[in-house]
Amino acid sequence: QAAARYFRLAARQGHPGAQCRLGFCFALGRGWPQDDDEAARLYRKAADQGDARGQRLLGNCFLKGKGVLRNDKEGARWNRLAADQGDVSAHIQLGALLQSGGDGIPQDFAEAARYFRLAADQGLASAEWFIGDTYLRGIGVPADVCEVARLFRLSADQQMLEAQLSLRRMLCEGYADVP
């Protein structure tokens, strides 16, 4: 609760990082009563200042309908702004959204793979697994078993359970000679 008070002081002074952290406190009900509307309001303040984390968090509010009306296009727009600044979590969010499609968001497997690759290139285990899975299924990229194994290994080495299980399944299915 003491941390939330300090975040509030800094947020009132316009510090975008504090606005995001305080918004997170409201979103989870830590230090303050849980309040999605207040969380979204604080994320918007940070986002309007060009803060990538604030843009991503506000985008996710729109994608989930938390504190704002659900709007996949608006969620994608805010996440794209964050991704354009290199926010790795926004890359994952956009990749997942483009892979599955959303309300008014057409599926775009190649663009989804591009966002997963951007995140994987920064060493994010979940991104390495996601892009590996796209190579495994050949969606948005050509199927490539060697690349799948390489990416799954990178992710598995970071203790990502899904990657460890996927790599095990590949080995059990006869891909033992994969590098």
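The structure contained in this document is the topic of the report that follows. (Residues numbered from 1 in each chain as written. Predicted model: local features only at pLDDT ≥ 70, side-chain atom pairs only at ≥ 80, totals over all residues. Heavy atoms only, no water.)

### As for the side chain of His 91
Inclusion rule: Think of it this way: any DSSP run of H or I at least four residues long counts as a helix, any run of E at least two long counts as a strand, and we number them from the N terminus. Pairs of residues are marked as contacts when any of their non-hydrogen atoms sit within 4.5 Å.
For His 91, the position within the fold is in helix 6 (residues 88-100). Contacts of His 91, omitting those with residues within four sequence positions, involve Ala 83, Gly 86, Tyr 115, Leu 118, Ala 119 and Gln 122.

### Quick word on the packing of aromatic side chains
The following threshold applies: Whether two aromatic rings pair depends on their centres lying within 6.5 Å, for rings of Phe, Tyr and Trp, where Trp uses its six-membered ring; planes under 30 degrees apart make the pair stacked, over 60 edge-to-face, and the rest tilted. Burial classes follow relative accessibility: with a 1.4 Å probe on protein chains only, a residue under 20% of its type's maximum area counts as buried, one over 50% as exposed, and anything between as partly exposed. In our convention, an over-ring charge means Lys NZ or Arg CZ found within 6 Å of a ring centre and within 35 degrees of that ring's normal.
In total, this model carries three aromatic pairs according to the counting rule given. Their ring planes at 15° and their centres at 5.7 Å tell us that Phe 26 and Trp 32 sit as a pair that is stacked. Judged by centre distance (4.8 Å) and plane angle (5°), the rings of Phe 116 and Phe 130 are stacked. Of the two residues, Phe 116 sits in helix 7 (residues 109-120) while Phe 130 sits in helix 8 (residues 125-137), which places them 14 residues apart along the sequence. Residue classification places Phe 130 among the partly exposed residues on the basis of a relative accessible area of 24%. Pairwise contacts between aromatic rings join Phe 116, Trp 129 and Phe 130 into one cluster. Taking the ring centre of Tyr 115 as reference, the NZ or CZ of Arg 114 above it sits at 4.6 Å.

### Description of the nonpolar core
Cut-off, in case you're wondering: Within this scheme, the nonpolar core is defined by two criteria: the residues are buried Ala, Val, Leu, Ile, Met, Phe, Trp, Tyr or Cys, and they are joined through side-chain atoms within 4.5 Å.
Formed by 32 residues in total, the largest nonpolar core has its most connected members in Ile 131, Tyr 135 and Phe 152. Within the residue set of this core, elements represented by two or more residues are helix 4 (52-64), helix 5 (72-84), helix 6, helix 7, helix 8, helix 9 (145-156) and helix 10 (161-172). When neighbours within four sequence positions are excluded, Phe 152 is seen to be in contact with Trp 129, Gly 132, Asp 133, Leu 136, Ala 163, Ser 166, Leu 167 and Met 170. In this structure, Ala 11, Ala 18, Cys 61 and Phe 62 belong to the second largest nonpolar core, which totals 19 residues.

### Describing helix 2 (residues 16-28)
Going by this rule: Each residue after the first adds 1.5 Å to the expected span of a helix.
Compared with an ideal rise of 1.5 Å per residue, which puts 13 residues at 18 Å, helix 2 spans 18 Å between its outermost C-alpha atoms and is within 8% of the ideal. For helix 2, the complete set of buried residues consists of Gly 17, Ala 18, Gln 19, Cys 20, Leu 22, Gly 23, Cys 25 and Phe 26. Buried residues along helix 2 sit against helix 1 (2-12), helix 3 (36-48) and helix 4. Gly 29 occupies a position one or two residues after helix 2 and carries a positive phi of about 75°.

### Regarding unusual backbone geometry
Even without being a glycine, Gln 159 presents a positive backbone phi close to 70°. Mapped onto the elements of the fold, Gln 159 is located in the loop between helix 9 and helix 10.

### Topic: the packing of helix 4 against helix 6
What counts is decided by this rule: Axes, fitted as lines to C-alpha atoms, cover a helix only where it is in contact. Angles between the N-to-C directions of the axes lie from 0 to 180 degrees. Orientation is classified from the angle alone, with under 35 degrees giving roughly parallel, over 145 giving roughly antiparallel, 65 to 115 giving roughly perpendicular, and any other angle giving oblique. Crossing chirality is assigned from the near helix's rotation relative to the far helix, an anticlockwise turn below a right angle marking it left-handed and a clockwise turn marking it right-handed. Residues are sorted three ways: Asp, Glu, Lys and Arg are charged, Ala, Val, Leu, Ile, Met, Phe, Trp, Tyr, Cys and Pro are nonpolar, and all the rest, Gly among them, are polar.
It is the contact of helix 4 with helix 6, at a shortest axis distance of 10 Å, that shows an interaxial angle of 25°. Taken together, the axis directions place helix 4 and helix 6 in an arrangement best described as roughly parallel. In terms of crossing hand, the pair formed by helix 4 and helix 6 is left-handed. Counted together, Arg 56, Asn 60 and Leu 63 of helix 4 and Ser 89, Ala 90, Gln 93 and Leu 97 of helix 6 form the full contact between these two elements. Here the residues of the contact of helix 4 with helix 6 are counted per class, giving three nonpolar, three polar and one charged.

### Digging into helix 5
This is how it is decided: Each direction from the helix axis to a C-beta atom contributes to the arc, which is the arc of those directions.
The terminal C-alpha atoms of helix 5 lie 18 Å apart, and with 13 residues this matches the ideal 18 Å at 1.5 Å per residue to within 8%. Those residues of helix 5 lying buried are Asp 72, Gly 75, Ala 76, Trp 78, Asn 79, Ala 82 and Ala 83. The buried residues of helix 5 occupy an angular sector of 165° when projected down its axis, which confines them to one face. Among the exposed residues of helix 5, those oriented more than 90 degrees off its buried face are Lys 73 and Asp 84. Each element contacted by the buried residues of helix 5 is listed here: helix 3, helix 4, helix 6 and helix 7. Once helix 5 finishes, Gly 86 follows within two positions and takes phi at roughly 90°, a positive value.

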